[in-house]
Amino acid sequence: MLGPQQPPLAFGYAPAGDKSNMQETVKKYIAAGLRVLLVQHDSKIPATVDQIMTAKNAKEYTGKKGVYLATSDPKIASAYVRQYSKIVSREAGFEVWPNIGVALTGRSFIVADADTPQAVAHFRKLWQDWGGDPDYLVDVTGSGGCALTPTVATPGKKDEVTGEMVHSNGGHYYLMLPSDVDLSGTVAKFDVHGDVDGDGVSIMVENCYVLAPPSVRPEGPYRMVGSPLPCPPGLIDEIVTRGEGAAAKRNRAEGVTQHQEAEAGAEAITGLGLHPLDEATADLDWDTLLVERGFRRSGTDSCGCATYRAPGRHSSSKSVTAHEDGCSEGYGNNGGVLHFWTDNPP
């Protein structure tokens, strides 16, 4: 059974899409134990420093973005909301209020994101595989459903070029952790795929965020439709195992780097110059590398990093996400990674 402390229950405070009292909403969320960040209205892109802070305060946060601007201080969060509305409303010419994101810390709860009906079905199978409480899978009404429903229903996403829905009918499952479990420092997030196209489930642990009610995007509002769920023990074990594997990989990489630095000579060791590999790539960036190969900038992903469309015919404009340092979902470490979405790269 779940314990009494269930922060996601605070989502019931504001009706879906109702932003009439956002300053009070963020205070309620923080009082319930949530860490919040502001997200640009009608979007999944985090608000920038210049949108939520005065010029004086913004100087102290130069270079920070996304989840690194999250706060658990109700006064600061309320001030961010007020400043965002003041600045953006003035630019828009009408009243504007931000969306709300919940930053994950690896403590109290994690989130499973299933974007499609196929992903929802896959999550139910994973629930069994991970040893989740079987009572949640019982069809008590005879309608073919069960109690394993998303905590928050998400509005889906439209293709920026065609306007067609890329995915829909999914949601966020808030999975509550036992009070003695702390998953911080393990992994940021990972995807679990099955055998059906579109059935990928994203497990979000820390250094990333999800939008929460009463956020609204052009596709629709985020709605609280279910209760938090107890995190299956097998999923906790998998996260710990993945974290241990990532730590071992980092340690091996650090060992190799130290060996290379020793061979490179005292200049690299003392920090007077760059490692030869870093020096060779110092002037390169994802945009240069991708554009030279025929990719075209197509937008911005939810983490704030740029997306690109690959050359040739593709059903989606997002073929690649080029993660950079400061990525709000934790993919920007060590210069950032390139995430291919297309299964037909050039």
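Thresholds applied
- Residues numbered from 1 in each chain as written.
- Predicted model: local features only at pLDDT ≥ 70, side-chain atom pairs only at ≥ 80, totals over all residues.
- Heavy atoms only, no water.
- Pairing = 2+ DSSP bridges.
- Helix = DSSP H or I, 4+ residues; strand = E, 2+ residues; numbered from the N terminus.
- Axes fitted to C-alpha atoms, helices over the stretch in contact; angles between N-to-C directions.
- Contact = heavy atoms within 4.5 Å.
- Core = buried A, V, L, I, M, F, W, Y, C linked by side-chain atoms within 4.5 Å.
- Buried < 20%, exposed > 50% of the residue type's maximum accessible area, 1.4 Å probe, protein only.
- Phe/Tyr/Trp six-rings, centres within 6.5 Å; stacked < 30°, edge-to-face > 60°.
- Lys NZ or Arg CZ within 6 Å of the ring centre and 35° of its normal.
- pLDDT = per-residue confidence, 0-100.

S.K.: I would appreciate a short explanation of the sheet that holds strand 1 (residues 36–39) in the present structure.
M.R.: Pairing between the strands of a sheet is mediated by backbone hydrogen bonds and can be parallel or antiparallel. Spatial ordering of the open sheet is given by 1-2-10, a layout of three strands whose pairing is antiparallel. Looking at which strands have only one partner, the edges of the open sheet turn out to be strand 1 and strand 10 (206–212). The mean inter-strand angle of the sheet, taken between neighbouring strand axes irrespective of direction, is 35°. Contacting strand 1 and strand 2 (99–105), helix 1 (residues 22–31) runs over the sheet at an angle of about 15° to strand 2.

S.K.: How should I be thinking about the nonpolar core in this particular structure?
M.R.: Among soluble globular proteins, nonpolar side chains are generally buried collectively. If you look at the biggest cluster of nonpolar residues, it comprises 42 residues, and the most contacted ones within it are Phe11, Leu34, Val36, Ile52, Val102, Phe109 and Tyr174. When residues of this core are traced back to their parent elements, those giving at least two are helix 1, strand 1, helix 2 (49–52), helix 4 (74–92), strand 2, strand 3 (109–114), strand 7 (171–176) and strand 10. Discounting residues that sit within four places of it in the chain, Phe11 has contacts with Tyr29, Leu34, Val102, Val152, Tyr174, Ala212, Pro213 and Met224. In terms of nonpolar packing, the next biggest core, distinct from the first, is built from 27 residues, Leu148, Val181, Val205 and Ile239 among them.

S.K.: Quick question: what am I supposed to make of the sheet that holds strand 15 (residues 296–300) here?
M.R.: Ordered by their spatial adjacency, four strands build an open sheet running 15-16-17-18, and the pairing between neighbours is antiparallel. Strand pairing shows two members of the sheet lacking a second neighbour, strand 15 and strand 18 (338–340), which therefore form its edges. When the angles between neighbouring strand axes are averaged without regard to direction, this sheet yields 30°. The pairing of strand 17 (residues 320–322) with strand 18 spans three bridges and is antiparallel. Paired with Val320 across the two strands is Phe340, which belongs to strand 18.

S.K.: Looking at this structure, how should I read the packing of aromatic side chains?
M.R.: Aromatic rings considered in pairs are described by the distance between their centres and by the relative angle of their planes. All chains considered together, the criterion is met by six aromatic pairs. Taken together, a centroid distance of 5.7 Å and an interplanar angle of 70° make the contact between Trp127 and Tyr136 edge-to-face. Judged by relative accessible area, Trp127 falls into the buried class, the value being 0%. An aromatic cluster is built from Phe11, Tyr29, Phe109 and Tyr174, whose rings are joined through pairwise contacts. The lysine or arginine in question, Arg242, covers the ring of Phe190, its NZ or CZ lying 3.9 Å from the ring centre.

S.K.: Where do I start with the pairing of strand 7 in this structure?
M.R.: Regular strands place their side chains on alternate faces of the sheet. Most of strand 7 is tucked away, with six of its six residues classed as buried. Side chains Gly171, Tyr173 and Leu175 of strand 7 all project onto a buried face; the interleaved residues His172, Tyr174 and Met176 project onto the opposite face, where all are buried too. As paired elements, strand 3 and strand 7 share six bridges and run antiparallel to each other. Looking across to strand 7, one finds that Ala114 is bridged to Gly171.

S.K.: I tried to follow the confidence of the model for the chain on my own but got confused; where do I start?
M.R.: Detailed reading of the predicted coordinates is not advisable wherever pLDDT falls low. When pLDDT is averaged along the chain, the result is 84; 83% of the residues meet or exceed 70. Across residues 266–275, where pLDDT falls below 50, the model places 10 contacts with residues more than four positions away in sequence or in other chains.

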